[in-house]
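As a plain string of letters, each chain reads:
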Amino acid sequence: MFTGIVESLGKVESLQSVGGDVRLRIQTDLDMSDVHLGDSIATNGICLTVIDWGENWYAADVSRESLNRSTLASWKVGQPVNVEKAMLPTTRFGGHIVSGHVDVVGEITVVRSDARSLYFEVTAPAEIAKYLAEKGSITVDGISLTINHLNGNVLSLNLIPHTAERTNIGTWKVGTKVNLEVDVLARYIERLLLGDKAAEPKAESKLSMDFLAEHGFLK
């Protein structure tokens, strides 16, 4: 589990195709002294398992599922990435609950200055719009952010100078693809509302306005 508070701006050092999957190595200034084999490190919001590491780097294997779900398939050597080690029980919970399991890829559609902040609009795939809420949380490339406003599946974000300095958002421009993970609480609430129907094949598609009205959730 992570909090979405980026600890280090890392860099892709190498990418290697291995049997249809990818093995990558990330440079980082994180303190790696407490890292062990099998530990999790979020890299641009993707939970990766450490298979090897050194004083200023770590390596991980990436499955086809992660390649299909995220921007990782388009990463290049030298690309900056946001890095966060898994949280400890004693860690300050500064962001929100982040699993590191990317839901979809979104696209930056607006970039501009807003006083000392940077303003972004991100277009998310329509299928996750139901999980988004104004002033709710979303993870964008591993960064825990507050959704300022929503217009359908377009969400607006403001990032303060500190966040800009500590993350890769300086590389974001119109057309940039970003990893999105919705608040895990929204996904669990959806499943709970399905009740016994959750056991049926493709039960997720059964949750509709009519279903909610039938079960008393809408007046």
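The structure presented is a predicted model; accordingly, all values stated were derived computationally and were not measured. (Residues numbered from 1 in each chain as written. Predicted model: local features only at pLDDT ≥ 70, side-chain atom pairs only at ≥ 80, totals over all residues. Heavy atoms only, no water.)

Attention shifts here to the packing of aromatic side chains. Per the stated rule, a full pass over the model turns up one aromatic pair. Sitting over the face of the ring of Trp 57, Arg 25 holds its NZ or CZ atom 3.7 Å from the ring centroid. The ring centre of Tyr 119 lies 4.0 Å from the NZ or CZ of Arg 112, which sits over that ring. (Phe/Tyr/Trp six-rings, centres within 6.5 Å; stacked < 30°, edge-to-face > 60°. Lys NZ or Arg CZ within 6 Å of the ring centre and 35° of its normal.)

Right, let's talk about unusual backbone geometry for a bit. The residue Asn 44 is not glycine, and still its phi comes out positive at about 55°. Note on placement: Asn 44 falls in the loop between strand S3 (40–43) and strand S4 (46–54). For Asn 44, a relative accessible area of 2% translates into the label buried. For Lys 135, which is not glycine, the phi dihedral falls at a positive 70°. Considering the arrangement of structural elements, one finds Lys 135 in the loop between strand S8 (117–123) and strand S9 (137–140). (Helix = DSSP H or I, 4+ residues; strand = E, 2+ residues; numbered from the N terminus. Buried < 20%, exposed > 50% of the residue type's maximum accessible area, 1.4 Å probe, protein only.)

Below, the discussion takes up the domain arrangement of the protein chain. How big an interface is tends to be stated in terms of the accessible area lost upon association of its parts. The domain boundaries assigned to the protein chain delineate domain 1 (8–85) and domain 2 (104–198). Computed over C-alpha atoms only, the centres of domain 1 and domain 2 are separated by 22 Å. The interface of domain 1 with domain 2 comprises twelve residues on the first partner and 13 residues on the second. Taken together, the two surfaces of domain 1 and domain 2 that pack against each other cover about 900 Å², and 45% of this comes from carbon and sulfur. Looking at the side of domain 1 facing domain 2, the largest losses of area belong to Asn 44, Thr 71 and Asn 82, adding up to 46% of the total buried there. At the junction of domain 1 with domain 2, the criterion picks out zero salt bridges. At the boundary of domain 1 with domain 2, the tally comes to five residue pairs in polar contact (both at pLDDT 80 or more). Ranked by the residues each element gives to the side of domain 1 that touches domain 2, the list is headed by strand S6 (residues 80–85), at four residues. Broken down by class, the residue content of the side of domain 1 that touches domain 2 amounts to four nonpolar, six polar and two charged. (Domains from an automatic or database assignment. Contact = heavy atoms within 4.5 Å. Buried area = accessible area lost by both parts, 1.4 Å probe. Salt bridge = Lys/Arg side-chain N within 4 Å of Asp/Glu carboxyl O. Polar contact = N/O pair within 3.5 Å; in protein donor to acceptor, adjacent residues only side chain to side chain. Nonpolar A, V, L, I, M, F, W, Y, C, P; charged D, E, K, R; others polar.)

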